[in-house]
Amino acid sequence: MNLKTEKEQETWTITPTPGYVLKFTEVDMKHIYGETDEHRCFLNVCHCEQLPPPTDDIDEDELAARIDNGDLGYRIPVSIGELDSVVDSKNRNQPKIEVLVNSVFYEKRLAPPEANFFRHFFCMVVCDAIEEKHHLKLDPNRCIKLKNRTVMGSIEPMRITKRPVAPVIQEIASSSNDVQVPSILEAEQPAGVRLRLRKGTSLEGELSLKEVDLSSVQRSPTLEAEKMMYHRQGKWYSFLIFE
């Protein structure tokens, strides 16, 4: 399904503001560097005013409550930079990537010292986005936030798309019948089904299985799930990441 907008979207070229650095260990870079040795990987978490914040402004308690209820639909707009390299303290080249978020969201949800739960959730979102863009798998449970360091190496200017709040859709081409997205979004959805239009280019569906007897559901043998665990206020939270 392809969505066409009225015109090509413009871009900003910005210099990100440094935030903090995440260091990942035991990273397999064989398909990139051609080496069998495991590497470290550094993420420069940066921010800017041009990138939009999340639609929902929620705190850690509400985020935890949503996860408890099986709602993993919270979205954080991020921009993933190109794969670069930096020399570490052992004089070895290590991969480095800039990650960009909205400045208000960063200062409110990621910068506070006590925001460990939100930073861990954000790290999972970023790892998923990096794997999709660079085919580089990073484990959120194998990273640390470097102390007293806001950047690793140098930060290059980044180009981000100027996305309108409500992109105007002219046409949707489908291999079968033409589909009118506004009609789909405005129609009443079945219980447990949520549809949303993302970035004006893709239609995303979310299905809640809270009331479904999962014993009768046949699981695809090609679908693997990795459980991420995080401890907060005496309670363990689990995140399922499907590959």
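None of these values were measured; they are calculated from a predicted model.

Q: So what about the overall build of the chain? Which residues, and what values?
A: Helix and strand content of the chain: 5 helices and 14 strands. Counting only residues that meet the buried cut, the chain has 35% of its 243 residues in that class. Carbon and sulfur atoms provide 47% of the accessible area of the chain, an area that totals close to 15,200 Å².

Q: How would you summarise the pairing of strand β6 (residues 84–87) if you had to cite specific residues and measurements?
A: Pairing of β6 with strand β7 (residues 93–102), which is carried by 4 bridges, proceeds in the antiparallel orientation. Its bridge partner lying in β7, Asp84 is registered against Lys96.

Q: Tell me what's going on with the packing of aromatic side chains, and back it up with residues and numbers.
A: The relation between two aromatic rings is expressed through the spacing of the ring centres and the mutual angle of the planes. In this structure the tally under the stated criterion is 5 aromatic pairs. On the basis of an interplanar angle of 25° and a centroid distance of 6.1 Å, the ring pair of Tyr20 and Tyr106 is categorised as stacked. Of this pair, Tyr20 sits in strand β3 (residues 17–27) while Tyr106 sits in helix α3 (residues 103–110); the two residues are 86 residues apart in sequence, bridging distant segments of the chain. Tyr106 carries the same exposure label as Tyr20, and that label is buried. Here the aromatic rings of Phe105 and Phe118 are separated by 5.9 Å at their centres, their planes lie at 70°, and the arrangement is edge-to-face. Taken together, the residues Phe105 in helix α3 and Phe118 in helix α4 (residues 116–134) connect sequence positions 13 residues apart. Each of the two residues, Phe105 as well as Phe118, counts as buried. In this structure an aromatic cluster arises from ring pairing among Tyr74, Phe105, Phe118, Phe121 and Phe122.

Q: For the pairing of strand β9 (residues 158–161), give the residues involved together with the corresponding values.
A: One face of the sheet, then the other: side chains in a regular strand alternate in exactly this way. Residues Met158 and Ile160 of β9 are buried on one face, while the alternating residues Arg159 and Thr161, pointing to the opposite face, are not. Direction of pairing for strand β2 (residues 11–14) relative to β9: antiparallel, over a ladder of 4 bridges. The residue bridging Ile14 from the neighbouring strand is Met158, located in β9.

Q: How would you sum up the environment of Thr161? Please name residues and give values.
A: Locating Thr161 in the fold gives a position in strand β9. Note: C-alpha distance between Thr161 and Trp12 (149 residues apart in sequence) is 6.3 Å.

Q: Quick one: what's the story with the confidence of the model for the chain, residue by residue and with numbers?
A: On average, residues of the chain score 75 in pLDDT, and 60% of them are at 70 or above. Considering each helix and strand of the chain separately, the mean pLDDT is smallest for strand β10 (residues 169–173), with a value of 31, and largest for α3, with 96. Note on residues 1–6: pLDDT is under 50 here. Beyond four places in sequence and across chains, it has 21 contacts. Confidence over residues 164–182 falls short of pLDDT 50; this stretch has 28 contacts with residues more than four positions distant or in other chains.

Cut-offs and rules
- Residues numbered from 1 in each chain as written.
- Predicted model: local features only at pLDDT ≥ 70, side-chain atom pairs only at ≥ 80, totals over all residues.
- Heavy atoms only, no water.
- Helix = DSSP H or I, 4+ residues; strand = E, 2+ residues; numbered from the N terminus.
- Buried < 20%, exposed > 50% of the residue type's maximum accessible area, 1.4 Å probe, protein only.
- Areas by Shrake-Rupley, 256 points an atom, 1.4 Å probe, with all protein chains shown as cover.
- Pairing = 2+ DSSP bridges.
- Phe/Tyr/Trp six-rings, centres within 6.5 Å; stacked < 30°, edge-to-face > 60°.
- pLDDT = per-residue confidence, 0-100.
- Contact = heavy atoms within 4.5 Å.

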